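In case you want the letters, here they are:
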Amino acid sequence: FHHQEHVRLAWLYLRTEPYPQALDRMIATIRRVAGHAGVPEKFHYTMTVAWMRLVDSAMVAHPSASDFDSLITANPSLLSVKALDEFYSPGRIHSAEAKSQMVDPDLKPLP
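The shown structure was predicted, so the numbers you read here are calculated from the model rather than taken from an experiment.

Draft legend 1. Region of the structure containing the packing of aromatic side chains. Evaluation of the coordinates by the stated rule reveals two aromatic pairs. Both rings, one in Phe-43 and one in Tyr-45, keep their centres 6.3 Å apart while their planes meet at 80°; by these two values the pair is edge-to-face.

Draft legend 2. Broad picture of the layout of surface pockets. Space inside the largest pocket adds up to approximately 700 Å³. Lining of the largest pocket is provided by 25 residues; of these, His-3, His-6, Lys-42, His-44 and Met-47 occupy positions nearest its centre. Mapped onto the lining of the largest pocket, the elements with two or more residues apiece are α1 (3-16), α2 (19-36) and α3 (45-61). Size it by volume and the second largest pocket reaches roughly 150 Å³. Counted by class, the lining of the second largest pocket contains six nonpolar, three polar and one charged residues.

Draft legend 3. Structural detail: the packing of α2 against α3. Running from amino to carboxyl end, α2 crosses α3 at an angle of 140°, the nearest separation of the two axes being 10 Å. Overall, the two elements α2 and α3 adopt an arrangement that is oblique. The element α2 and its partner α3 pack so that their crossing is right-handed. Residue-level inspection shows Tyr-19, Ala-22, Leu-23, Met-26, Ile-27, Ile-30 and Arg-31 of α2 in contact with α3, the latter providing Tyr-45, Thr-48, Val-49, Met-52, Arg-53 and Asp-56.

Rules and cut-offs
- Residues numbered from 1 in each chain as written.
- Predicted model: local features only at pLDDT ≥ 70, side-chain atom pairs only at ≥ 80, totals over all residues.
- Heavy atoms only, no water.
- Phe/Tyr/Trp six-rings, centres within 6.5 Å; stacked < 30°, edge-to-face > 60°.
- 1 Å grid on protein atoms, 1.4 Å probe; cavity = no way out; pocket = protein on both sides within 12 Å on 5 of 7 lines; lining within 4 Å.
- Points joined across faces, edges and corners; volume = space filled by probe spheres on them.
- Helix = DSSP H or I, 4+ residues; strand = E, 2+ residues; numbered from the N terminus.
- Nonpolar A, V, L, I, M, F, W, Y, C, P; charged D, E, K, R; others polar.
- Axes fitted to C-alpha atoms, helices over the stretch in contact; angles between N-to-C directions.
- Parallel < 35°, antiparallel > 145°, perpendicular 65-115°, else oblique.
- Left-handed = near helix turned anticlockwise from the far one by under 90°.
- Contact = heavy atoms within 4.5 Å.

The structure is reproduced here in structure tokens:
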């Protein structure tokens, strides 16, 4: 379950459900996958929420992107695992607090 698959799953959930329900579903899915893989500690709450917000924002900004590839063409930064570096300092995003709950960015607001 690599980064691109996470982004694609976010896109799929956001296409079919309103943001709050898509976010809840994404959190549950990633927690379940991490648990089944024997690494529940890999789940990161802030990263999950932040990525969902980035994908949602890209979808709102590009409503004509009717498929995943079109969305990525319009927003190639979604495939960069470093995209959150624009919003979070390393100390903040990798904190224990950010892992367990949503922490607001310290460099610039998320869309």
